[in-house]
Amino acid sequence: MSEHKPSRKTKELSVDLRDRIVSRHKSGDGYRKISAALKVPMSTVTSVIHKWKKFETTRTHPRAGRPSKLTDLGRRALVREVTRNPMVTLSELQRSSVERGEPSRRTTISAAIHQSGLYGRVARRKPLLSKRHMAACLEFAKRQQKDSRTMRIKLLWSDETKIELFGVNARCHIWGKPGTIPTVKHGGGSIMLWRCFSAAGTRRLVRIKGKMTAAMYRDILDENLLQSALDLRLGRHFIFQQDNDHKHTAKISKEWLQDNSVNVLEWPSQSPDLNPIEHLWKDFKMFVHRRFPSNLMELERCCKEEWAKLAKDRCAKLVASYSKRLEAVIAAKGASTKY
(Lines give C-alpha, C1' and ligand atoms only; values in the text may rest on other atoms or scores of the structure.)
Protein backbone atom coordinates (compact mmCIF):
# COMPACT_ATOMS: atom_id res chain seq x y z
CA MET A 1 0.00 0.00 0.00
CA SER A 2 3.03 2.30 0.38
CA GLU A 3 3.11 3.00 -3.35
CA HIS A 4 -0.33 4.56 -3.05
CA LYS A 5 0.78 7.26 -0.61
CA PRO A 6 1.36 10.74 -2.06
CA SER A 7 4.93 12.00 -2.22
CA ARG A 8 5.87 14.26 0.66
CA LYS A 9 7.71 16.56 -1.70
CA THR A 10 4.90 17.12 -4.22
CA LYS A 11 1.93 16.18 -2.05
CA GLU A 12 0.31 14.75 -5.16
CA LEU A 13 -1.17 11.31 -5.85
CA SER A 14 0.48 9.08 -8.41
CA VAL A 15 -1.18 8.84 -11.82
CA ASP A 16 -1.82 5.14 -11.17
CA LEU A 17 -3.72 5.86 -7.96
CA ARG A 18 -5.77 8.60 -9.60
CA ASP A 19 -6.66 6.20 -12.43
CA ARG A 20 -7.77 3.58 -9.88
CA ILE A 21 -10.01 6.16 -8.15
CA VAL A 22 -11.68 7.00 -11.46
CA SER A 23 -11.99 3.30 -12.36
CA ARG A 24 -13.79 2.50 -9.11
CA HIS A 25 -16.04 5.52 -9.64
CA LYS A 26 -16.97 4.22 -13.11
CA SER A 27 -17.77 0.84 -11.54
CA GLY A 28 -20.34 2.51 -9.31
CA ASP A 29 -18.43 2.79 -6.01
CA GLY A 30 -19.32 5.81 -3.88
CA TYR A 31 -16.78 8.38 -2.69
CA ARG A 32 -16.74 7.03 0.86
CA LYS A 33 -16.18 3.44 -0.29
CA ILE A 34 -13.33 4.49 -2.63
CA SER A 35 -11.71 6.49 0.19
CA ALA A 36 -11.81 3.54 2.59
CA ALA A 37 -10.57 1.01 0.04
CA LEU A 38 -7.63 3.05 -1.24
CA LYS A 39 -6.76 4.83 2.06
CA VAL A 40 -7.17 8.26 0.44
CA PRO A 41 -9.02 11.21 2.06
CA MET A 42 -12.55 11.59 0.72
CA SER A 43 -11.85 15.23 -0.19
CA THR A 44 -9.00 14.03 -2.42
CA VAL A 45 -11.26 11.41 -4.04
CA THR A 46 -13.83 14.13 -4.74
CA SER A 47 -11.19 16.43 -6.24
CA VAL A 48 -9.77 13.72 -8.53
CA ILE A 49 -13.21 12.70 -9.82
CA HIS A 50 -14.31 16.33 -10.40
CA LYS A 51 -11.09 17.02 -12.32
CA TRP A 52 -11.62 13.91 -14.45
CA LYS A 53 -15.21 14.93 -15.24
CA LYS A 54 -14.10 18.42 -16.24
CA PHE A 55 -10.92 17.65 -18.22
CA GLU A 56 -11.46 13.93 -19.05
CA THR A 57 -7.99 13.14 -17.72
CA THR A 58 -6.26 12.46 -14.42
CA ARG A 59 -2.91 13.82 -15.61
CA THR A 60 -1.50 17.00 -14.08
CA HIS A 61 -1.78 20.03 -16.35
CA PRO A 62 1.35 22.13 -17.01
CA ARG A 63 1.86 24.83 -14.41
CA ALA A 64 3.41 28.30 -14.76
CA GLY A 65 5.80 28.41 -11.83
CA ARG A 66 5.95 26.53 -8.55
CA PRO A 67 2.71 25.45 -6.86
CA SER A 68 1.28 27.91 -4.37
CA LYS A 69 1.83 27.17 -0.70
CA LEU A 70 -1.63 28.52 0.05
CA THR A 71 -4.39 25.95 0.34
CA ASP A 72 -7.96 26.63 -0.72
CA LEU A 73 -8.81 26.95 2.98
CA GLY A 74 -6.07 29.57 3.38
CA ARG A 75 -7.30 31.54 0.37
CA ARG A 76 -10.84 31.61 1.71
CA ALA A 77 -9.54 32.79 5.08
CA LEU A 78 -7.67 35.67 3.40
CA VAL A 79 -10.74 36.72 1.42
CA ARG A 80 -12.86 36.66 4.58
CA GLU A 81 -10.32 38.83 6.39
CA VAL A 82 -10.15 41.37 3.55
CA THR A 83 -13.95 41.46 3.29
CA ARG A 84 -14.33 42.10 7.01
CA ASN A 85 -11.61 44.75 7.09
CA PRO A 86 -10.94 46.40 3.68
CA MET A 87 -8.12 48.49 5.23
CA VAL A 88 -6.07 45.48 6.34
CA THR A 89 -2.48 45.58 5.02
CA LEU A 90 -0.51 42.87 3.24
CA SER A 91 1.85 42.67 6.23
CA GLU A 92 -1.09 41.96 8.53
CA LEU A 93 -2.43 39.33 6.13
CA GLN A 94 1.02 37.76 5.98
CA ARG A 95 1.12 37.50 9.79
CA SER A 96 -2.33 35.89 9.75
CA SER A 97 -1.11 33.30 7.24
CA VAL A 98 1.87 32.47 9.47
CA GLU A 99 -0.46 32.01 12.44
CA ARG A 100 -2.55 29.58 10.39
CA GLY A 101 0.57 27.58 9.54
CA GLU A 102 0.75 28.71 5.92
CA PRO A 103 3.64 31.22 5.69
CA SER A 104 3.45 32.87 2.26
CA ARG A 105 5.06 35.68 0.33
CA ARG A 106 3.26 39.03 0.02
CA THR A 107 3.02 38.51 -3.76
CA THR A 108 1.38 35.11 -3.20
CA ILE A 109 -1.18 36.62 -0.84
CA SER A 110 -1.85 39.51 -3.21
CA ALA A 111 -2.35 37.15 -6.16
CA ALA A 112 -4.72 34.96 -4.14
CA ILE A 113 -6.86 37.97 -3.23
CA HIS A 114 -6.85 39.19 -6.85
CA GLN A 115 -8.16 35.80 -7.97
CA SER A 116 -11.25 36.51 -5.88
CA GLY A 117 -11.84 39.79 -7.70
CA LEU A 118 -10.55 42.03 -4.90
CA TYR A 119 -7.95 44.71 -5.68
CA GLY A 120 -6.19 47.44 -3.71
CA ARG A 121 -7.36 50.96 -4.51
CA VAL A 122 -6.66 54.40 -3.04
CA ALA A 123 -9.67 55.32 -0.92
CA ARG A 124 -11.35 58.62 -1.69
CA ARG A 125 -11.09 61.11 1.11
CA LYS A 126 -14.36 62.17 2.64
CA PRO A 127 -15.53 63.53 5.96
CA LEU A 128 -16.01 60.91 8.66
CA LEU A 129 -19.76 61.15 9.17
CA SER A 130 -21.47 59.25 11.93
CA LYS A 131 -25.25 58.83 12.11
CA ARG A 132 -25.24 61.56 14.76
CA HIS A 133 -23.41 63.92 12.37
CA MET A 134 -25.88 63.23 9.56
CA ALA A 135 -28.90 63.70 11.80
CA ALA A 136 -27.54 66.98 13.20
CA CYS A 137 -26.72 68.29 9.73
CA LEU A 138 -30.19 67.37 8.49
CA GLU A 139 -31.89 69.18 11.38
CA PHE A 140 -29.65 72.21 10.83
CA ALA A 141 -30.51 72.34 7.12
CA LYS A 142 -34.24 72.15 7.84
CA ARG A 143 -34.06 74.99 10.38
CA GLN A 144 -31.95 77.19 8.13
CA GLN A 145 -34.14 76.64 5.09
CA LYS A 146 -37.04 78.45 6.78
CA ASP A 147 -35.22 81.78 7.06
CA SER A 148 -32.39 81.37 4.55
CA ARG A 149 -33.06 84.74 2.82
CA THR A 150 -32.58 86.64 6.08
CA MET A 151 -29.49 84.57 6.84
CA ARG A 152 -27.98 85.32 3.43
CA ILE A 153 -28.12 89.07 4.01
CA LYS A 154 -26.73 89.06 7.55
CA LEU A 155 -24.18 86.22 7.36
CA LEU A 156 -20.44 86.83 7.54
CA TRP A 157 -18.65 83.66 6.45
CA SER A 158 -15.15 82.77 7.64
CA ASP A 159 -12.59 80.00 7.32
CA GLU A 160 -8.87 79.19 7.43
CA THR A 161 -6.89 77.43 4.75
CA LYS A 162 -3.36 76.72 3.59
CA ILE A 163 -2.00 77.85 0.23
CA GLU A 164 1.23 76.47 -1.23
CA LEU A 165 3.87 78.63 -2.87
CA PHE A 166 4.15 76.53 -6.03
CA GLY A 167 0.77 74.82 -5.95
CA VAL A 168 1.80 71.37 -4.72
CA ASN A 169 -1.70 69.98 -5.22
CA ALA A 170 -2.41 71.70 -8.54
CA ARG A 171 -1.68 70.58 -12.10
CA CYS A 172 0.07 73.07 -14.33
CA HIS A 173 -0.48 72.84 -18.11
CA ILE A 174 2.18 74.52 -20.27
CA TRP A 175 2.23 75.06 -24.03
CA GLY A 176 5.53 74.48 -25.86
CA LYS A 177 7.37 72.49 -28.50
CA PRO A 178 8.63 68.96 -27.74
CA GLY A 179 11.89 69.11 -25.83
CA THR A 180 11.44 72.72 -24.78
CA ILE A 181 8.84 72.38 -22.00
CA PRO A 182 10.26 74.04 -18.84
CA THR A 183 10.12 72.33 -15.47
CA VAL A 184 7.62 73.52 -12.87
CA LYS A 185 8.63 74.08 -9.27
CA HIS A 186 6.82 72.30 -6.47
CA GLY A 187 6.93 72.78 -2.73
CA GLY A 188 8.72 75.88 -1.44
CA GLY A 189 6.57 76.17 1.68
CA SER A 190 3.10 77.49 2.34
CA ILE A 191 1.19 80.06 4.37
CA MET A 192 -1.98 79.77 6.45
CA LEU A 193 -4.70 82.36 5.97
CA TRP A 194 -7.89 83.45 7.72
CA ARG A 195 -10.46 85.27 5.63
CA CYS A 196 -14.10 86.36 5.68
CA PHE A 197 -16.70 87.43 3.12
CA SER A 198 -20.42 88.09 2.71
CA ALA A 199 -22.88 88.58 -0.13
CA ALA A 200 -21.54 92.17 -0.32
CA GLY A 201 -17.99 91.02 -1.15
CA THR A 202 -14.72 89.97 0.45
CA ARG A 203 -13.13 91.66 3.41
CA ARG A 204 -10.18 90.99 5.73
CA LEU A 205 -7.52 88.42 4.79
CA VAL A 206 -5.01 87.69 7.56
CA ARG A 207 -1.84 85.62 7.45
CA ILE A 208 -1.44 83.28 10.43
CA LYS A 209 2.17 83.14 11.61
CA GLY A 210 3.10 79.69 12.95
CA LYS A 211 0.61 77.21 14.35
CA MET A 212 -2.61 78.96 15.29
CA THR A 213 -3.77 78.77 18.91
CA ALA A 214 -7.03 79.82 20.51
CA ALA A 215 -5.32 83.02 21.75
CA MET A 216 -4.18 83.83 18.20
CA TYR A 217 -7.68 83.21 16.88
CA ARG A 218 -9.16 85.54 19.49
CA ASP A 219 -6.69 88.25 18.44
CA ILE A 220 -7.67 87.78 14.77
CA LEU A 221 -11.31 88.27 15.69
CA ASP A 222 -10.49 91.29 17.85
CA GLU A 223 -8.52 92.99 15.09
CA ASN A 224 -10.63 92.06 12.06
CA LEU A 225 -14.13 90.76 12.64
CA LEU A 226 -16.10 93.82 13.74
CA GLN A 227 -14.33 96.09 11.27
CA SER A 228 -15.04 93.64 8.43
CA ALA A 229 -18.73 93.58 9.32
CA LEU A 230 -18.75 97.39 9.41
CA ASP A 231 -16.99 97.71 6.05
CA LEU A 232 -19.46 95.28 4.46
CA ARG A 233 -22.39 97.20 5.98
CA LEU A 234 -23.88 94.14 7.63
CA GLY A 235 -25.13 96.11 10.60
CA ARG A 236 -24.40 95.56 14.27
CA HIS A 237 -26.59 92.47 14.46
CA PHE A 238 -24.83 90.40 11.80
CA ILE A 239 -24.45 86.62 12.14
CA PHE A 240 -20.97 85.13 12.20
CA GLN A 241 -20.26 81.69 10.70
CA GLN A 242 -17.31 79.56 11.78
CA ASP A 243 -16.77 75.82 11.89
CA ASN A 244 -16.32 73.71 15.02
CA ASP A 245 -12.52 73.73 15.14
CA HIS A 246 -11.38 73.45 18.76
CA LYS A 247 -9.72 76.89 18.53
CA HIS A 248 -13.06 78.40 17.55
CA THR A 249 -14.93 76.75 20.40
CA ALA A 250 -12.24 77.37 23.04
CA LYS A 251 -13.27 79.27 26.17
CA ILE A 252 -11.36 82.47 25.35
CA SER A 253 -12.85 82.54 21.83
CA LYS A 254 -16.38 82.10 23.15
CA GLU A 255 -15.84 84.77 25.79
CA TRP A 256 -14.66 87.33 23.20
CA LEU A 257 -17.69 86.63 21.00
CA GLN A 258 -20.05 86.98 23.98
CA ASP A 259 -18.35 90.14 25.26
CA ASN A 260 -18.72 91.75 21.84
CA SER A 261 -22.34 90.57 21.40
CA VAL A 262 -21.56 88.62 18.21
CA ASN A 263 -24.33 86.26 17.11
CA VAL A 264 -22.67 82.97 16.12
CA LEU A 265 -24.35 80.59 13.72
CA GLU A 266 -24.60 77.13 15.28
CA TRP A 267 -22.69 75.08 12.73
CA PRO A 268 -22.96 71.26 12.40
CA SER A 269 -19.78 69.17 12.43
CA GLN A 270 -18.31 67.79 9.21
CA SER A 271 -20.32 70.08 6.90
CA PRO A 272 -17.96 71.67 4.33
CA ASP A 273 -20.59 71.10 1.63
CA LEU A 274 -22.73 73.86 3.18
CA ASN A 275 -20.10 76.60 3.23
CA PRO A 276 -19.96 78.68 0.00
CA ILE A 277 -16.52 79.99 0.96
CA GLU A 278 -15.03 76.67 -0.20
CA HIS A 279 -15.89 77.51 -3.84
CA LEU A 280 -14.63 81.07 -3.46
CA TRP A 281 -11.38 79.65 -2.15
CA LYS A 282 -10.97 77.53 -5.30
CA ASP A 283 -11.25 80.60 -7.56
CA PHE A 284 -8.91 82.55 -5.33
CA LYS A 285 -6.13 79.93 -5.38
CA MET A 286 -6.31 79.69 -9.17
CA PHE A 287 -5.88 83.46 -9.55
CA VAL A 288 -2.94 83.53 -7.10
CA HIS A 289 -1.03 80.70 -8.79
CA ARG A 290 -1.43 82.36 -12.19
CA ARG A 291 0.82 85.16 -10.89
CA PHE A 292 3.67 82.72 -10.11
CA PRO A 293 4.90 84.22 -6.81
CA SER A 294 8.55 83.32 -6.17
CA ASN A 295 8.69 83.46 -2.36
CA LEU A 296 6.40 83.45 0.66
CA MET A 297 6.36 87.24 1.07
CA GLU A 298 5.32 87.64 -2.55
CA LEU A 299 2.75 84.87 -2.10
CA GLU A 300 1.19 86.76 0.83
CA ARG A 301 1.06 89.99 -1.20
CA CYS A 302 -0.54 88.22 -4.17
CA CYS A 303 -3.09 86.59 -1.86
CA LYS A 304 -4.20 89.90 -0.35
CA GLU A 305 -4.43 91.58 -3.75
CA GLU A 306 -6.36 88.74 -5.40
CA TRP A 307 -8.71 88.37 -2.42
CA ALA A 308 -9.59 92.07 -2.63
CA LYS A 309 -10.17 91.78 -6.40
CA LEU A 310 -12.69 88.92 -6.22
CA ALA A 311 -15.90 90.10 -7.86
CA LYS A 312 -18.80 91.08 -5.61
CA ASP A 313 -21.33 89.41 -7.90
CA ARG A 314 -19.39 86.13 -7.55
CA CYS A 315 -19.71 86.44 -3.75
CA ALA A 316 -23.41 87.25 -4.04
CA LYS A 317 -24.09 84.24 -6.29
CA LEU A 318 -22.26 81.87 -3.95
CA VAL A 319 -24.15 83.11 -0.90
CA ALA A 320 -27.41 82.90 -2.85
CA SER A 321 -26.62 79.23 -3.50
CA TYR A 322 -26.82 78.59 0.25
CA SER A 323 -30.51 77.67 0.04
CA LYS A 324 -29.78 75.16 -2.74
CA ARG A 325 -27.04 73.62 -0.59
CA LEU A 326 -29.54 73.23 2.22
CA GLU A 327 -31.99 71.53 -0.15
CA ALA A 328 -29.27 69.17 -1.39
CA VAL A 329 -28.31 68.21 2.17
CA ILE A 330 -31.95 67.57 3.06
CA ALA A 331 -32.37 65.37 -0.02
CA ALA A 332 -29.10 63.45 0.39
CA LYS A 333 -28.77 63.09 4.14
CA GLY A 334 -32.52 62.73 4.61
CA ALA A 335 -32.46 59.67 2.37
CA SER A 336 -29.36 58.20 4.06
CA THR A 337 -30.80 58.44 7.58
CA LYS A 338 -33.68 56.16 6.61
CA TYR A 339 -31.36 53.18 6.36
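Before reading on, note that the structure itself is shown above.
Residues numbered from 1 in each chain as written. Predicted model: local features only at pLDDT ≥ 70, side-chain atom pairs only at ≥ 80, totals over all residues. Heavy atoms only, no water.

Caption draft 1: Structural detail: the overall build of the chain. In terms of regular secondary structure, the chain is built from 14 helices and five strands. Scored against the burial criterion, the 339 residues of the chain give a buried share of 36%. Within the chain, contacts between residues separated by at least 24 positions form 68% of all contacts whose residues are at least 6 apart in sequence. (Helix = DSSP H or I, 4+ residues; strand = E, 2+ residues; numbered from the N terminus. Buried < 20%, exposed > 50% of the residue type's maximum accessible area, 1.4 Å probe, protein only. Contact = heavy atoms within 4.5 Å.)

Caption draft 2: Focus on the sheet that holds strand 1 (residues 155–164). A sheet is described by the order of its strands in space; here five strands give the open sequence 3-2-1-4-5, paired in mixed fashion. Either end of the sheet is taken by a strand with one partner, and the two such strands are strand 3 (201–208) and strand 5 (263–264). Bridge analysis of strand 1 against strand 4 (residues 239–240) gives two bridges, and the strand direction is parallel. By the bridge assignment for strand 4, L155 is matched with I239. Strands in contact with helix 13 (residues 312–320) are strand 1, strand 2 (190–198) and strand 3; relative to strand 2, the strand with the most contacts, it is inclined by about 75 degrees. (Pairing = 2+ DSSP bridges. Axes fitted to C-alpha atoms, helices over the stretch in contact; angles between N-to-C directions.)

Caption draft 3: Fine view of helix 1 (residues 15–26). A rise of 1.5 Å per residue sets the reference length of helix 1, with its 12 residues, at 16 Å; its end C-alpha atoms lie 17 Å apart and thus fit the reference within 8%. Turning to helix 1, its buried residues are L17, R18, I21, V22 and H25. One side of helix 1 carries all its buried residues, which in axial view fall inside an arc of 140 degrees. Next to the buried residues of helix 1 lie helix 2 (31–38) and helix 3 (42–55). (Expected span 1.5 Å × (residues − 1). Arc of directions from axis to C-beta.)

Caption draft 4: Looking closely at the pattern of salt bridges. One pass over the structure, following the stated rule, counts 16 salt bridges. Between R59 and D19 there is a salt bridge; the shortest N-O distance is 3.2 Å. Here the residue R59 occupies a position in the loop between helix 3 and helix 4 (72–84), and D19 occupies one in helix 1, the gap between them amounting to 40 residues. Judged by relative accessible area, R59 falls into the partly exposed class, the value being 44%. (Salt bridge = Lys/Arg side-chain N within 4 Å of Asp/Glu carboxyl O.)

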